[in-house]
Amino acid sequence: GDGIRARPAMRPPAAVVGMRLAEVDTPALLIDLDAFETNLRLMQQAIAGYNVQLRPHAKTHKCPTIALAQIALGAVGVCCQKVSEAEALVDGGVGDVLISNEVVGAAKVARVAALAQRARISICVDDPEQVVVLAAAMAQADPQSGLGDQATTLDVLVEIDVGAKRCGVAPGEPAVRLAQLVSQQPQLRFAGLQAYQGSAQHRRTVDERRAAIAAAAELAGHTRDLLQAAGIECPKITGGGTGTFLLEADSGIYNELQAGSYVFMDADYAANEWAGSGQPAFQQSLFVWTTVMSRTPGVRAVVDAGLKSSSVDSGLPTLADETPAKYVNVSDEHGVIALNGAPDYALGQKLKLIPGHCDPTVNMHDSFVCYRGDRVEAIWPITARGCAW
Ligand code: PLP
Ligand code: MN
């Protein structure tokens, strides 16, 4: 559409295409299109020399328009975390989605099987019960799926815990046993391993991240070798995020990368050490647009973007402009900026905030207001906003 949908309908849109950025009402979620497009290109260039495919994580943007742009530039498909996100992406025209997560519960599993009739769907497992339930749901959704190759199949990845202590079976023999069970189901295809090291992404130093991914790659490679010895082909080893993706690419073990945040970046990623990582300097492209709504001259300003406009789980937002002033305190609808010697802001002045964490911030907004220079160029609905089920 060309305007943010107002609720109720008589309320004017906060932004329309062609408007000056200065006129966009707040709080709004902005994308700087020049920076965003640069990030997409930088990623493709960074991995061009490696034997890896890019499958960016769409939980970051929840937006089919962006997923299709990533695919047009060379991505093989996208990842998402939730069944409802996958449905929104497929509805939006994305043909290949990895649900990089475990899915449990009869209703959800039935939806996965139905979605697999419409698009290429892959999914992670870390428990034999999930394997059996997925196979049964596929047989139910597609009566032909008992026929193996001639029928629709679901690609299943065995997730291994390579150090993040979240989901995943232990690498080595436990993973091989689960892969064997997957291969025995005619309705399922064993597609490989998910070996995502999430706890490495924000380790601040390059050395810490390098050590974590070296250990993860070693565990994944060992598991792949055991699979081979057991006669099970392992076509894919997938993982990697914005903090480490070049390490996975360079490992020679991983052949698919799942970075998501690189399209936008955030204050938490900005706090990582990047020099010496070899990774490109992604630009901040996502901002929360906010208005100064109250002032205590010489001391503070209060803006209209609080924790309902910018997530604070990974730290407070920062000010995009170079200034000694600092966003120091947050409540639901207010953000307090300490001036720290900076001149007073004008009442009604609009500012760009850099969110602490891009993914949950995106989930708070209905649309991206995309601008170039000082003009709104596009408005992209955040279609999978709220799709947590
Ligand atoms: N893959 C998985 C399984 C994830 O959970 C995440 C994020 O948490 C990512 C990839 C992408 O990470 P990032 O957004 O930090 O690039
Ligand atoms: Mn995140």
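Predicted, not measured: the structure shown is a model, and the values here were computed from it.

Visitor: I would appreciate a short explanation of the overall build of the protein chain in the present structure.
Guide: Counting secondary structure elements, the protein chain contains ten helices and 17 strands. Computed over the C-alpha atoms, the radius of gyration of the protein chain is 22 Å, within 12% of the 21 Å expected from 2.2 N^0.38 for a compact globule of 389 residues. Dimensions of the protein chain, computed from the C-alpha atoms along their principal axes, are close to 70 × 50 × 35 Å. When each of the 389 residues of the protein chain is scored for burial, the buried share is 52%. For the protein chain, contacts bridging at least 24 residues in sequence account for 69% of all contacts bridging at least 6. Per element, the accessible surface of the protein chain, about 16,100 Å² overall, is 52% carbon and sulfur. Here the protein chain holds 32 positive side-chain charges and 42 negative ones, and the gap between their average locations is 4 Å.

Visitor: Would you mind going over the coordination of the manganese ion (ligand 2) with me for this structure?
Guide: Reference values for angles at a metal are 109.5 degrees in the four-donor tetrahedral case and 90 or 180 degrees in the six-donor octahedral case. His-357 (NE2) and Asp-359 (OD) make up the full set of protein donors to the manganese ion (ligand 2), lying at 2.2 to 2.5 Å. The same class applies to His-357 as to Asp-359, namely buried.

Visitor: Would you mind going over the pairing of strand 17 (residues 375-381) with me for this structure?
Guide: Working note: regular strand, side chains alternate between the two faces of the sheet. Note: strand 16 (residues 367-372) against strand 17, six bridges, orientation antiparallel. The partner of Cys-370 across the bridge, within strand 17, is Ala-378. Counting the residues between successive antiparallel strands, the hairpin from strand 16 to strand 17 contains two residues, one of them, Gly-373, with a positive phi of roughly 60 degrees.

Visitor: How should I be thinking about the sheet that holds strand 9 (residues 256-257) in this particular structure?
Guide: Paired through their backbone hydrogen bonds, the strands of a sheet run either parallel or antiparallel. The eight strands are arranged 2-9-8-7-6-5-4-3 in an open sheet whose pairing can be described as parallel. Looking at strand neighbours, the two that pair on one side only are strand 2 (53-54) and strand 3 (78-80), the edges of this open sheet. Two elements, strand 6 (residues 154-159) and strand 7 (residues 188-194), share six bridges in a ladder whose sense is parallel. Following the sheet pairing, Val-158 is matched in strand 7 by Leu-193. Across the sheet, helix 3 (residues 83-91) lies against strand 3, strand 4 (96-99) and strand 5 (120-125), angled at about 175 degrees from strand 4, the strand it touches most. Against the sheet, helix 5 (residues 128-141) makes contact with strand 5, strand 6 and strand 7, and its axis sits at roughly 155 degrees relative to strand 5, the strand it touches most.

Visitor: Any chance you could explain the environment of Thr-152 here in plain terms?
Guide: Tracing the sequence through the fold places Thr-152 in the loop between helix 5 and strand 6. Linking Thr-152 and Arg-120, residues 32 residues apart in sequence, is a C-alpha distance of 9.1 Å.

Visitor: What's the story with the layout of surface pockets in this structure? I'm lost.
Guide: Empty space among the atoms becomes visible once a probe the size of a water molecule is rolled across them. Its volume calculated, the second largest pocket comes out at about 370 Å³. In terms of residue class, the lining of the second largest pocket is built from two nonpolar, 16 polar and five charged.

Visitor: Explanation requested: the nonpolar core in the structure shown.
Guide: Among soluble globular proteins, nonpolar side chains are generally buried collectively. In this structure, Val-97, Ile-121, Leu-154, Val-158, Ile-160, Leu-188 and Phe-190 are the most contacted members of the largest nonpolar core, which totals 50 residues. Not counting residues up to four positions away in its chain, the partners in contact with Leu-188 are Val-131, Leu-134, Ala-135, Met-138, Leu-154, Val-156 and Val-182. Membership of the second largest hydrophobic core comes to 45 residues, among which are Leu-29, Cys-63, Ala-305 and Leu-353.

Visitor: What is the right way to look at the confidence of the model for the protein chain in this model?
Guide: Fine structural detail should not be taken from predicted coordinates in areas where pLDDT scores are low. Model confidence for the protein chain is summarised by a mean pLDDT of 96, while 96% of its residues fall at 70 or above. Note on the complex model: pTM 0.96, ipTM 0.99.

Visitor: Would you mind showing me how to read the pattern of salt bridges here?
Guide: Pairing between side chains of opposite charge can happen when the charged atoms of each approach one another. The full count for this structure, using the stated rule, is 19 salt bridges. A salt bridge links Arg-210 to Asp-207; the shortest N-O distance between them is 3.8 Å. With a gap of three residues between them, Arg-210 and Asp-207 both fall in helix 7 (residues 206-229), about one helical turn apart. Judged by relative accessible area, which is 56%, Asp-207 ranks as exposed. One salt bridge in this structure joins Asp-366 and Arg-385, with 2.5 Å as the shortest N-O distance.

Visitor: Can you help me understand the packing of aromatic side chains in this one?
Guide: Aromatic rings considered in pairs are described by the distance between their centres and by the relative angle of their planes. Inspection of the entire model under this criterion finds six aromatic pairs. Ring pairing ties together the aromatic residues Phe-36, Phe-264, Phe-368 and Trp-380, which thus form one cluster. It is Arg-209 that lies over the ring of Trp-274; its NZ or CZ is 4.9 Å from the centre. When the ring centre of Phe-287 is taken as origin, the NZ or CZ atom of Lys-352, which lies over that ring, is 5.1 Å away.

Visitor: Even after reading the chapter, I still don't get the pairing of strand 14 (residues 335-338), so can you show me in this structure?
Guide: Here four bridges tie strand 11 (residues 300-303) to strand 14, and the two strands are oriented antiparallel to one another. Across the sheet, Arg-300 pairs through a bridge with Ala-338, a residue of strand 14. Across four bridges, strand 13 (residues 326-330) lies against strand 14 in antiparallel orientation. Residue pairing in the sheet places Lys-326 in a bridge with Ala-338 of strand 14. Counted between consecutive antiparallel strands, the loop separating strand 13 from strand 14 contains four residues.

About the thresholds
Residues numbered from 1 in each chain as written. Chains lettered and ligands numbered in written order. Predicted model: local features only at pLDDT ≥ 70, side-chain atom pairs only at ≥ 80, totals over all residues. Heavy atoms only, no water. Helix = DSSP H or I, 4+ residues; strand = E, 2+ residues; numbered from the N terminus. Rg over C-alpha atoms; globule rule 2.2 N^0.38 Å. Buried < 20%, exposed > 50% of the residue type's maximum accessible area, 1.4 Å probe, protein only. Contact = heavy atoms within 4.5 Å. Areas by Shrake-Rupley, 256 points an atom, 1.4 Å probe, with all protein chains shown as cover. Lys, Arg positive; Asp, Glu negative; His and termini not counted. Charge placed at Lys NZ, Arg CZ, Asp CG, Glu CD. Donors = N, O, S within 2.8 Å, 3.2 Å for Na, K, Ca; no water. Pairing = 2+ DSSP bridges. Axes fitted to C-alpha atoms, helices over the stretch in contact; angles between N-to-C directions. 1 Å grid on protein atoms, 1.4 Å probe; cavity = no way out; pocket = protein on both sides within 12 Å on 5 of 7 lines; lining within 4 Å. Points joined across faces, edges and corners; volume = space filled by probe spheres on them. Nonpolar A, V, L, I, M, F, W, Y, C, P; charged D, E, K, R; others polar. Core = buried A, V, L, I, M, F, W, Y, C linked by side-chain atoms within 4.5 Å. pLDDT = per-residue confidence, 0-100. Salt bridge = Lys/Arg side-chain N within 4 Å of Asp/Glu carboxyl O. Phe/Tyr/Trp six-rings, centres within 6.5 Å; stacked < 30°, edge-to-face > 60°. Lys NZ or Arg CZ within 6 Å of the ring centre and 35° of its normal.

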